[in-house]
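Okay, here's what each chain looks like letter by letter:
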Amino acid sequence: MSSQGTSTHPARPVLLVARREFLNKVRSRSFVIGTVVIIAFLAGYVLLQTFLFDKSTTSTVGLTGQATVVAEQLKATAKAAGRTIDIKDVADPAAGEDQVRKGDLDALVTGASGALRVVVKNNLDDTLHSILDTVAQQQVLGGQLAEAGLDPRKVEQNMAQARPKVTMLEPKDEQHGERLAVGLIVAGLLYYSLLVYGMMVAQGVVEEKSSRVVEIMLATIRPWQLLLGKVIGLGAVGLLQLLIIGAGGIGLAVSTNVLDTTSLAGGALAAGVLWYLLGFFLYATIFAAVASLVSRQEDLQSVVTPITMAIVVAFVVGINLMIQDASGTAVTVLSMLPPFAPVLMPGRMALGVAPAWEVLLAVALALASIAAITWFGGRVYRNAVLRTGARVKLREVLR
Amino acid sequence: MTHEVLEIDRVSKRYGEIVALQDMTFQVRAGELFGFVGSNGAGKTTTMRITLGVLAADSGEVRWGGLPITFQTRRRIGYLPEERGLYPKMKVLDQLVYLGELHGMSTNAAHRSAENWIARLGLRERRNDEVQKLSLGNQQRVQLAAALVHDPEVLVLDEPFSGLDPVAVDVMSQVLREQAAAGVPVMFSSHQLDLVERLCDRIGIVRNGQMVACGTVDELRAGAPPQLVVDAPDAPAGWANGLAGVTVVEQVGTRTVLELAGDADDQAVLRAAIATGPVREFSRSKPSLTELFRNVVTQEKTA
């Protein structure tokens, strides 16, 4: 008789279990489809951003008759307001109105320089409106200055130099919009990953219970080895997906110029990975523990609902607070509490509003909770996983 | 005592108020096929699960080779659980290799062994199918292969014959005999008593969590009252009633099976039978395991 296997290193079964879980899921159709769908979704978002960005910063204005003299002034004023205006000379007002109706022109300017008239389809956007106001006022001002014997150009120059000196108490955040978008995407991705992969752990545990394969497994390896292997294997699948999506997302954003800085997105991805790992280990063991209480997939939903609710609440409440004010007291406190931190903290880190001590405190609290929950969840799992039939009461397994 | 003995020694287990096992004691020797029979809920599965360490006993001990079974020795036991214990969506070959590796085999050795058992159990065409796509009988073959893939030193099989067609029963019997012949103690439970009687070297009958009879079929019979089979075609129903020390076990067609109390006179029975007309058969018979088992169950009811 052979006697192999008497001195196997305790890590080997963990790795074997992890490898099985990993390969099993990565080869599955749902993993491939899920990844593709999320990347497609991100791509759609990025393209939408690009489209809106272009549309809102460039306007086409048609000039006709005497109004053509304001062309240079219009361009200059628009530039000062952060806009680009394409000027088109239009032969006569009727042709111009036609083009406005068709949408080729955003606005048509007619009339004498002192009395400009603007034709638009159904709405003159506010920025363009104020640019045109300024141009009209300058035309009037120029005329009156000339009448009073002053050089309008000189006055204009003097006026341009007369500006209040601005002192900023906090550094201006040029990238606030980008940061918010990245923060929301990271929070959303973590929310998705924790829910999907946490649920996968729960389903895996029940599958082993309902197929009774857990009896074979636990006649060979210890409960903690099976649990740890499962959590590591599925966690690695989630991590792989997060990295694929993250890299894909950054690639898209940079290639379409939606994001100016790769460092911002790279940093957010790194924070996302850190918090994914913390969050996954925090939640996966609880998912496994409660799943071990039931023997059938049908009964699973009822026991995992409290946990999925915690993640959903963290996401929904957190996202709303974050959009309003990412430095508010409520979101600051929530983002440091272990159940919410994995979704909120990476978002706040991407926004750049989380000081180092808050991040470190949140990480420390998360690690402490992981230790406590792993101990607790491992105990529940060990005592409940071999009990089949009716749902096991938590009280019974903790005795 | 040789070292290669699996000893279940006064093992007890309670589930709350329910006593599942009470001082369960028996031994399975190396190279022996041990049949474990008993009514549903008698404690067979509990005993096996405790042997495998899947369940903890309240008291008592399971020893292998004279030493209490530990986590390390347990891995050298081959186990076939009562219900299916396989990953439904995993392919047959992958599953067996995986289980072999978990038992400490190298990937290559696990592969060789898995292929070997797949071929041996007639699963070659199914080796890359998902387990859930197999018929129940084939799933049971995979389950047996899963118990054997790591070349175990002890085999514990819970209802290995359930759901098998006659050909598969023969294959399973053959494999179990070979394993026993190679020196492996083989313990299995079954409700197919004729099969157990044919196959097993020794049999243990369990009742209410206790071993009530244990030994070879002949040893078990020794304790049972002798039986007579009488074929008297013209005998009216109830012809043997009232004979001293005789109880009618069953009457099938013209044949009557009688049980004799210790000092009853079989010649008196013969005379009574001849009195009814011709007698075509008159023989002493050995009670089958089914009858021995029924005796135990009857005792349970009267007890």
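In the nomenclature of an unreviewed UniProt entry, chain B corresponds to ABC transporter ATP-binding protein from the organism Solihabitans fulvus. Its UniProt record, at the heading Sequence similarities (unreviewed entry), says of chain B: "Belongs to the ABC transporter superfamily." The record held by UniProt for chain B lists under Subcellular location (unreviewed entry) the comment "Cell membrane".

An unreviewed UniProt entry annotates chain A as ABC transporter permease of Solihabitans fulvus. Quoted verbatim from the Subcellular location (unreviewed entry) field of UniProt, the annotation for chain A is "Cell membrane".

### As for the overall build of chain A
Looking only at helices and strands, chain A features 15 helices and four strands. For 399 residues, the compact-globule estimate of 2.2 N^0.38 gives 21 Å, and chain A exceeds it by more than 25% at 31 Å. Projecting the C-alpha coordinates of chain A onto the three principal axes gives extents of approximately 115 × 45 × 35 Å. Within chain A, contacts between residues separated by at least 24 positions form 74% of all contacts whose residues are at least 6 apart in sequence. Approximately 20300 Å² of chain A is accessible, and the part contributed by carbon and sulfur atoms is 61%.

### As for the interface of chain B and chain A
Chain B puts 33 residues into the contact, and the matching count from chain A is 29 residues. For the pair chain B and chain A, the two sides together bury roughly 3000 Å², of which 55% comes from carbon and sulfur. Looking at the side of chain B facing chain A, the largest losses of area belong to F71, Y87 and L102 of chain B, adding up to 22% of the total buried there. For the interface between chain B and chain A, the tally reads two salt bridges. The partner of R49 of chain B in a salt bridge is E215 of chain A, with the nearest N and O atoms 3.7 Å apart. Looking at the side of chain B that touches chain A residue by residue, the class counts come to 15 nonpolar, eight polar and 10 charged.

### Notes on the UniProt feature "transmembrane region" (unreviewed entry) in chain A
Residues and elements named next belong to chain A. Within this structure's numbering, the places UniProt gives as "transmembrane region" (unreviewed entry) are residues 30–48, 180–206, 227–253, 273–294, 303–323 and 359–378. Summarising residues 227–253: 100% helix, 0% strand, and an end-to-end C-alpha distance of 38 Å. Within residues 303–323, the helical portion is 100% and the strand portion 0%, while the C-alpha atoms at the span's ends are 32 Å from each other.

### Digging into a nonpolar patch on the surface
Taken together, the side chains of M309, V313, V316 and V317 of chain A present a nonpolar region at the surface, about 290 Å² in accessible area. Take M309 of chain A: it is sitting in helix α11 (residues 297–324).

### Things to note about the pattern of salt bridges
For side chains bearing opposite charge, pairing can occur when the charged atoms are close. All names here are of chain B. By the definition in use, this model includes 26 salt bridges over all chains. Ionic pairing is found between R271 and D265, a salt bridge with its closest N-O pair at 4.0 Å. A single network of salt bridges, built from pairs that share partners, joins E7, D9, R10, E61 and R63.

### Details of the packing of helix α3 (residues 92–102) of chain B against helix α4 (residues 107–120) of chain B
All names here are of chain B. Remark: α3 packs on α4, axes separated minimally by 8 Å, with the N-to-C direction vectors making an angle of 130°. Judged by the inter-axis angle, α3 sits oblique to α4. As for the relative orientation of α3 and α4, their crossing is right-handed in sense. Judged by residue contacts, V92, L93, L96, V97, G100 and E101 of α3 engage T107, A110, H111, A114, E115 and I118 from α4. Of the residues belonging to the contact of α3 with α4, the class tally is seven nonpolar, three polar and two charged.

Calculation rules
- As a convention, each chain's residues are numbered from 1 in the sequence order in which they are written.
- Here chains are named by letter from A upward and ligands by number from 1 upward, in the order in which they appear as written.
- Predicted model: local features are reported for residues with pLDDT of at least 70 only, side-chain atom pairs are reported and counted for 80 or more only, and whole-chain, interface and lining totals are derived from all residues.
- Only hydrogens and water are removed before side-chain values are computed, so all heavy atoms of the structure are retained for them.
- UniProt positions are given in the numbering used here, feature names are shortened, and annotations may be inferred rather than shown by experiment.
- Helical segments are the DSSP runs of H or I of at least four residues, strand segments are the runs of E of at least two, and each set is numbered from the N terminus.
- The globule rule used for comparison is 2.2 Å times the number of residues to the exponent 0.38, while the radius of gyration itself is calculated over C-alpha atoms.
- When checking whether two residues touch, look at their non-hydrogen atoms; a contact exists if any pair is within 4.5 Å.
- Surface exposure here means Shrake-Rupley accessible area, sampled with a 1.4 Å probe, where a residue is shielded only by the protein chains that are shown.
- Put simply, buried area is the surface a 1.4 Å probe can reach on two separate parts but cannot reach once they are joined, added for both.
- A pair is scored as a salt bridge if a Lys or Arg side-chain nitrogen falls within 4 Å of a carboxyl oxygen belonging to Asp or Glu.
- Residue polarity is assigned by list, with Asp, Glu, Lys and Arg as charged and Ala, Val, Leu, Ile, Met, Phe, Trp, Tyr, Cys and Pro as nonpolar; anything else, Gly included, falls into the polar class.
- Patch members must show over 30% relative accessible area and no salt bridge, and they are joined within 9 Å when carrying like charges or within 5 Å when they are nonpolar side chains of Val, Leu, Ile, Met, Phe, Trp or Tyr.
- To get an axis, fit a line to the C-alpha atoms, keeping to the stretch in contact for a helix; angles then go from 0 to 180 degrees between the N-to-C directions.
- Angles are sorted into four bins: roughly parallel if under 35 degrees, roughly antiparallel if over 145, roughly perpendicular if 65 to 115, and oblique for all others.
- Definitions for this section: a left-handed crossing has its near helix turned counterclockwise from the far helix by less than a right angle. A right-handed crossing has that turn clockwise.

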